[in-house]
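For reference, the chains in residue letters:
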Amino acid sequence: MFLVTFFSTVVQTIYLFIWDFFLALINLLTFKRWRGHVTPRGTPGAGGKWPAYVAPRAGDSRSACPALNALANHGILPHDGKNIRFNELPGKVDAAFNTAPSVSMFVTNLAVAMLKKNYKRDSFDLADLDLHNGIEHDASLTREDTALVPNQSEPHLPFVKALLASASGRNRHGKALKRKDISIFSTKRRVDSRAANSAFSLDFFHKLIGSLNASFFLTILGGRVDDLQSILIEERIPEGWESRVRSRRGLTFTGSIFKVLRIEGGIDEKRYSAKLAAARPSA
Ligand SMILES: *[C@@H]1O[C@H](CO)[C@@H](O)[C@H](O)[C@H]1NC(C)=O
Ligand SMILES: *[C@@H]1O[C@H](CO)[C@@H](O)[C@H](O)[C@H]1NC(C)=O
């Protein structure tokens, strides 16, 4: 039974990556969506009109993922964050953020596998996604480590504020986060977490998940500090917002991989620690 599951997971993953490659190819060969028309007609947020934001109430289920929490806060996913069907997730995520179905399916499958559920039949609560070292992992850019703060549903504001304050870019909308800023802040988070959390762990796969979701700050959110502030602090989709990714078939892995590797490649814990040690006055 285990072998069958393992084999089907491998086949599914290979299939998803081939599909992803073809979607990226289509993106390359087609015109982008028009500005103002990125969110598909007939889905929440079309034309920049998002359903009303209602902050989470006590007892509502939320996760370590600001994007999914935002969908629940706007009632696009159930507002209480509970009993969400796995098979409603990819469509809603793709429509709201213009991710490619290969990406949303991959992440959903990962959640299905880690929770040992069935994609077609089962549902989950947002907080279920916080299973440690499933998708959730240490040294988050927006959350304290789970060993320090087990409830991952709220952002740790000092992290988010420090990240946004480090934005060194500027575009016509104001301050903008750059790739280098994210690498530097990720480095700092890893060094600090390693020191503060005796249960710290971060394998290569989870490093890549971290750099992948950090790359979404640059692609889907265009690095814009005003939008990031709303999504990361209130977990609220800004008025009139649409995904900054305008590709016809949405943001693919193929289209993200270089950004992800450059973010990850820019993270250098050793050099950062050495610099800290050198800056510390010797006793
Ligand atoms: C986690 O925190 C949120 C907000 O503080 C709260 O509403 C929720 O009930 C908490 N979850 C658990 C499982 O305690
Ligand atoms: C990436 O997303 C997961 C799930 O939302 C989160 O647990 C993790 O901390 C994020 N990684 C970083 C580096 O922020």
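Residues numbered from 1 in each chain as written. Chains lettered and ligands numbered in written order. Predicted model: local features only at pLDDT ≥ 70, side-chain atom pairs only at ≥ 80, totals over all residues. Heavy atoms only, no water.

Going by an unreviewed UniProt entry, the chain carries the name Heme haloperoxidase family profile domain-containing protein and comes from Hebeloma cylindrosporum. As its UniProt record puts it under Sequence similarities (unreviewed entry), the chain is described as follows: "Belongs to the chloroperoxidase family." The Cofactor (unreviewed entry) comment attached to the chain in UniProt states, word for word, "heme b". (UniProt positions renumbered as here; feature names shortened; annotations may be inferred.)

A. Representation of the site of ligand 1 in the model. Taken together, Ala58, Gly59, Asn151, Ser153 and Glu154 make up the full set of residues adjacent to ligand 1. In the environment of ligand 1, an oxygen atom lies 3.1 Å from a nitrogen or oxygen atom belonging to the backbone of Gly59. Contact distances for ligand 1 include 3.2 Å between an oxygen atom and a side-chain N or O atom of Glu154. When the free accessible area of ligand 1 is taken as 360 Å², the share hidden by the protein chains comes to 43%. Residue composition of the shell around ligand 1, grouped by class: one nonpolar, three polar and one charged. (Near = heavy atom within 4 Å. Polar contact = N/O pair within 3.5 Å; in protein donor to acceptor, adjacent residues only side chain to side chain. Areas by Shrake-Rupley, 256 points an atom, 1.4 Å probe, with all protein chains shown as cover. Nonpolar A, V, L, I, M, F, W, Y, C, P; charged D, E, K, R; others polar.)

B. Molecular detail of the UniProt feature "transmembrane region" (unreviewed entry) in the chain. According to UniProt, the "transmembrane region" (unreviewed entry) feature falls on residues 6–31. For residues 6–31, the end-to-end C-alpha separation is 39 Å, with 92% helix and 0% strand making up the annotated structure. (Helix = DSSP H or I, 4+ residues; strand = E, 2+ residues; numbered from the N terminus.)

C. Looking closely at helix α6 (residues 179–196). Between its first and last C-alpha, α6 extends 26 Å over 18 residues, near the 26 Å set by a 1.5 Å rise per residue. Listing the buried residues of α6 in full gives Asp181, Ile182, Ser183, Phe185, Ser186, Thr187, Arg189, Arg190, Val191 and Ser193. Packing partners of the buried residues in α6 comprise α5 (157–165), β3 (169–171), β4 (174–176), α7 (204–218), α9 (253–265) and α10 (269–279). (Expected span 1.5 Å × (residues − 1). Buried < 20%, exposed > 50% of the residue type's maximum accessible area, 1.4 Å probe, protein only. Contact = heavy atoms within 4.5 Å.)

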